[in-house]
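Each chain, letter by letter, is given below.
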Amino acid sequence: MELGTGNFTDCSLSQKIGCAIIRVIDRNLRRKNMKNFSMPEQISPTLEIDELMRLKHSLEKNVSREAAESIIKEIPLSINSTPDIRAEWVEKLSAILENRFDKETVKNIRQECYCNENGRLEDTANNLKQLYLSLDKDLHRFVNALNENGAGWFIKDNQLYTKMFSCECPMLEKAKNSNSLTWCHCTAGYNKKLFEIVFEKPVYVEIVQSIRQGFDFCLLRITFQ
C-alpha cells in the first residue's frame, strides 16, 4: 500500500499518529522501471516456495485439489530463481489460469494468493486504523488527511478509490507490461484484507488499472458491503 511522498521528520506531537502511519507506508515509494517498479526492502528466501504454496491452497479452495496438483506440477518454480525466470513463470501461470477458468474464478484464485509481507500488511492496516479512529471514523476526513501527504485518494458514489504509485512485487522485477490483470488480482486480495481491518466491515476491491498495464499508478476501487 503506497500513499505518497513527503517530509515527516518535523512532525509535531499532535501529528504523531498520522506521521507514524505515513512513515511506515512512505518507504515503499521508489519510482523505477518496470515503469514504476521497485524492489521491496527484503525478499523472502522462501519466495518461490511461498508463491507455490499460496497458489496451491487457493486452487484447492476455489477449484479442486486435483487441479491444484496438476497446475503446480505443470509449472515448477525452483528456489532462488532469477528475476527473468520468475517473470516467465508469472506469464505461464497467468496464461494457464486464463485459458482454463472463467474470469471470476481467475480473480478468486489470484485474490487468495496475496502475501502479508512478513506481517507488514497487519502493521500498515493497524496504523491506518488508528488514524481512521482518531478522525471519528469519518471517511472524508480520513482521505483528506492522507491526501495532505500525496495519497491522491478520492471518494465517488460512496466508493473509495485508492492509488498505488509503485509496484514492489519481486515476481515482476523483469516482467514486461501486459494488458492482463490476472497476476495483479492478488493486490485486490491484499487490499481487501487491509481495508477490512481498517474499517471493520466487509469490502469488495476491484483493480481499475495497474502499473503493469503501463499506467503511472494502480487504481483500486473499494466498495463497502
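From a predicted model like this one, the values you see are computed outputs, not experimental measurements. (Residues numbered from 1 in each chain as written. Predicted model: local features only at pLDDT ≥ 70, side-chain atom pairs only at ≥ 80, totals over all residues. Heavy atoms only, no water.)

## Regarding the overall build of the chain
Within the chain, the regular secondary structure consists of eight helices and four strands. Going from N to C terminus, the chain has its helices and strands arranged as α-α-α-α-α-α-α-β-β-α-β-β. Split into buried and exposed, the 225 residues of the chain put 49% on the buried side. Long-range pairs, those at least 24 residues apart, make up 67% of the contacts in the chain with a sequence separation of at least 6. Surface summary for the chain: the accessible area is close to 11500 Å², and the carbon and sulfur share equals 48%. (Helix = DSSP H or I, 4+ residues; strand = E, 2+ residues; numbered from the N terminus. Buried < 20%, exposed > 50% of the residue type's maximum accessible area, 1.4 Å probe, protein only. Contact = heavy atoms within 4.5 Å. Areas by Shrake-Rupley, 256 points an atom, 1.4 Å probe, with all protein chains shown as cover.)

## Quick look at the confidence of the model for the chain
Overall, the prediction assigns the chain a mean pLDDT of 86, with 82% of residues at 70 or greater. Low pLDDT, under 50, characterises residues 1-17; the stretch is placed with 43 contacts to residues that sit more than four places away or in other chains. (pLDDT = per-residue confidence, 0-100.)

## Here's the deal with the packing of aromatic side chains
By the definition in use, this model includes 10 aromatic pairs. Plain terms: the ring middles of Phe154 and Tyr161 are 4.7 Å apart, the flat faces sit at 5° to each other, and that makes the pair stacked. Of the residues examined, Phe154 reaches a relative accessible area of 32% and is grouped as partly exposed. Residue Tyr161 is classed as buried on the basis of its relative accessible area, which comes to 9%. (Phe/Tyr/Trp six-rings, centres within 6.5 Å; stacked < 30°, edge-to-face > 60°.)

## Observations regarding the pattern of salt bridges
Inspection of the entire model under this criterion finds 14 salt bridges. For Arg86, the salt bridge identified is with Glu48, shortest N-O distance 3.8 Å. Taken together, the positions of Arg86 in helix H4 (residues 83-100) and Glu48 in helix H2 (residues 47-62) put the pair 38 residues apart, joining distant regions of the chain. Across the pair, Glu48 and Arg86 agree in class, each one buried. According to the relative accessible area criterion, Arg86 is buried, its value standing at 6%. (Salt bridge = Lys/Arg side-chain N within 4 Å of Asp/Glu carboxyl O.)

## Quick look at unusual backbone geometry
The backbone phi angle of Lys137 is positive, close to 60°, even though this residue is not glycine. Residue placement: Lys137 occurs in the loop between helix H6 (120-134) and helix H7 (139-147). Phi is positive for Glu200, close to 55°, though the residue is something other than glycine. As for its placement among the helices and strands, Glu200 is situated in the loop between helix H8 (185-199) and strand E3 (203-209).

## Some thoughts on H4
Between the first and last C-alpha of H4 there are 26 Å, a value that for 18 residues agrees with the 26 Å anticipated at 1.5 Å per step. Within H4 the residues assigned to the buried category are Arg86, Ala87, Trp89, Val90, Leu93, Ser94, Ile96 and Leu97. For H4, the secondary structure elements touched by its buried residues are H2, helix H3 (65-74) and helix H5 (103-111). (Expected span 1.5 Å × (residues − 1).)

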